[in-house]
Amino acid sequence: MRTYFLSHLGCFLLLLSYTISLSAQWQSSVIWQDEEGRLNYKKDTLGNRIPNFSYAGYKGGGIPIPEIPQVLTIGPVEGDNTAHIQAALDSVARLPMDDQGHRGALQLDTGRYEIQGILRISASGVVLRGSGDRDDPSENTILVGVANTPTQRTLLIAGGGSSSRWSGRVEGTTSLVLSEKVLVGEYAIKVEHPEYYQEGDNVIINHPCTEAWLEAIEGGGAVSEGPWSVNSQPLIFNRRIESIEDSILTLDVPLYNTLDKSLSPTFLYTYDRAGILTEIGIEELRIEIETAGPEDEEHVWNALGMVEVEDAWVKNCSFLHFGLAGVYTATASRITIDNCEALDPVSIITGGRRYNFNLSISSSQVLVKDCLASNGRHHYVSNGTSSVSGSVFLNCVSQAAYNASEGHRRWSMGLLYDNLRETEVRTSRILLGLYNRGDYGTAHGWSAAHSVAWNCNMGGAKLVVQKPPTAQNYAIGCSGLVNGNGPWPGEVGFIEGTGEPMLHLPSLYLAQLDARLAGKQSVITSLAGDRGKPLWNIFPNPSEGRLVIQAPNNRPFSGKLVDLSGKVAIIFSGRESWQGSIQTIPKGVYLLEISQVGETQWIRWTKQ
């Protein structure tokens, strides 16, 4: 729903002509850019708002991936190349670091490298670089995963290699959070023992999964399989302390879910960072997995795992014929996956398979940009439950998907799908979902919270956005069949501008990044409309069969629904709310003229 507030009819006609012009741009009513270039955010009545996603990626976003000089070059040998490449990686790992934490790059010459085992980058500052990621071995570097020992292995693991889930605590640093409520998108927390911490400390914030929190989120959304169990889904955030003032810690990155003291006793501790490696890169190579296809499962299962790693990158790489993931992340923060392809997995088509770009357990601030995925089940997915947050899929293409890109299960937080494009659509299923997955899988339930689909082109496929209890999800400026009609119960989420071109901020991530780097502070409009007026709740929008109008107060209101020619379709009046059937109204764009206490507001609404 896009909302306009006007003082007189002349302003309305001028704005209307501008709005329906082919060259006009429009702005969201929950986040918009003012004349000074600042981004303005609107909270709903629960304090929910779109959070700042600009911290995703290497070094926390906005920092270019470094160019690391090569220090060693090797070519392929006959037979198994596992030991050959591993020895070269280990040689680079023994080199000293420079002052930026880099040792150097191992350059793999063109050709095919048979890999019968597992390759590991197990030291910080090491880059593995090929000569190109296309299919011609005379000009590119191709790692060929053969055999199945160990069973369904990952071919290349970059990082410490253990999915430790940020669990390691520095002794004597655990403190309760005293803030009664820290809203989604906020940075500051009040703690019981500020003396335990210093600026720059890496801290882990844990909002336990209590009976009270589970009750607030209605058991997690599962139906016959629920509710989720106590302690099963703690909300976990990996942060650094920017500043300390009295008992207030200011964090480097906002929180992607509200912390409510009345529901759970949130605590934090200094992370010991045991096993975490940094400044690792994978560049310009191709991993092909040898299979007996098309449903063979006795082969390498993942091409690349970024595990127990921070400030790392994967760029200009291709991954083919994996069973589960082309790339997955686990215990991983501030990762950029740039211009990569995860194509044509080989497996039976069922659960636990074909997650081409997979954010697994404890993945934070991962940026997947300009990537291509094909023939998978869940192309761009969070599969790490309530320890995944603040991650972005930017300008990616999903080709011939069997199922949805989505928050997959159990309260992934702060996911942004920014300009995702669906092509070669071959299913009537949902292809992008921020919704309740109910009893699917292991009682997946509410799979995403405080997540956004922004300017996504669904190629005519379905995008389902539902509102979780206590939270919100958003679809803004997307095209396709966009609604809240999920496979399991859930209130419709915030849907606005479906099918409308010329969104003023074509990319939310880039707009937020630009605003942050330019030092333009955000403005939060609390519990109000986008120009400081009361917030009317108009839903569904767009709608097929009904219209509900909820007033922001209990004062009487009246109004009418008019099409763009000025013809009146419905006249209505109410006190707190009004609802009615609109099935007989032709499809198109309408304007609601709502009058209350001498003030008239115009709200855009679409019948689909």
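Here's what I pulled together on the structure shown here.

About the cut-offs
Residues numbered from 1 in each chain as written. Predicted model: local features only at pLDDT ≥ 70, side-chain atom pairs only at ≥ 80, totals over all residues. Heavy atoms only, no water. Helix = DSSP H or I, 4+ residues; strand = E, 2+ residues; numbered from the N terminus. Contact = heavy atoms within 4.5 Å. Pairing = 2+ DSSP bridges. Axes fitted to C-alpha atoms, helices over the stretch in contact; angles between N-to-C directions. Phe/Tyr/Trp six-rings, centres within 6.5 Å; stacked < 30°, edge-to-face > 60°. Buried < 20%, exposed > 50% of the residue type's maximum accessible area, 1.4 Å probe, protein only. Core = buried A, V, L, I, M, F, W, Y, C linked by side-chain atoms within 4.5 Å. Polar contact = N/O pair within 3.5 Å; in protein donor to acceptor, adjacent residues only side chain to side chain.

Describing the side chain of D338
Within the secondary structure, D338 sits in strand β24 (residues 325-338). Setting aside residues up to four positions removed in sequence, D338 forms contacts with V314, K315, N316, K369, D370 and C371.

Re the sheet that holds strand β48 (residues 577-581)
Strand order in the open sheet formed by three strands is β44-β45-β48, and the pairing between neighbours is antiparallel. Looking along the sheet, the strands with just one partner apiece sit at the ends: β44 (537-539) and β48. Strand-to-strand twist in this sheet, taken as the mean axis angle between neighbours without regard to direction, amounts to 5°. Looking at chain direction, β44 and strand β45 (residues 546-550) are connected through three bridges and run antiparallel. If you follow F539 over to β45, its bridge partner there is V548.

Things to note about the environment of P469
Along the chain, P469 falls in the loop between β38 (457-467) and β39 (474-476). Distance in space between the C-alpha atoms of P469 and L513 is 29 Å, their sequence separation being 44 residues. Residues within four places of P469 in sequence aside, it is in contact with A216, I217, E218, W411 and W446.

Regarding the packing of aromatic side chains
Tallying each qualifying case throughout the model produces 13 aromatic pairs. Summarising the aromatic geometry, the rings of Y58 and W313 are spaced 5.4 Å apart at their centres and angled 85° between planes, so their arrangement reads as edge-to-face. Of the two residues, Y58 sits in the loop between β3 (39-42) and β4 (70-74) while W313 sits in strand β22 (residues 302-315), which places them 255 residues apart along the sequence. Just as Y58 is buried, W313 falls in that class too.

Things to note about the nonpolar core
Grouped together as the largest cluster of nonpolar side chains are 68 residues, with contacts concentrated most on I85, L143, I282, F319, I337, F357 and Y380. A total of six residues in this core trace back to one element, the largest contributor, which is β22. In this structure I337 touches V314, V327, T329, F357, V366, L367, V368, K369 and C371, once residues within four positions along its chain are discounted.

Focus on the environment of D201
Mapped onto the elements, D201 comes out in the loop between β13 (188-190) and β14 (202-207). In sequence terms D201 and N302 are 101 residues apart; their C-alpha atoms lie 33 Å from each other. Not counting the four nearest positions on each side in its chain, D201 is found in contact with Y196, R239, R240, I241 and T270. One polar contact links the side chain of D201 to the main-chain amide nitrogen of Q198, over a distance of 2.8 Å.

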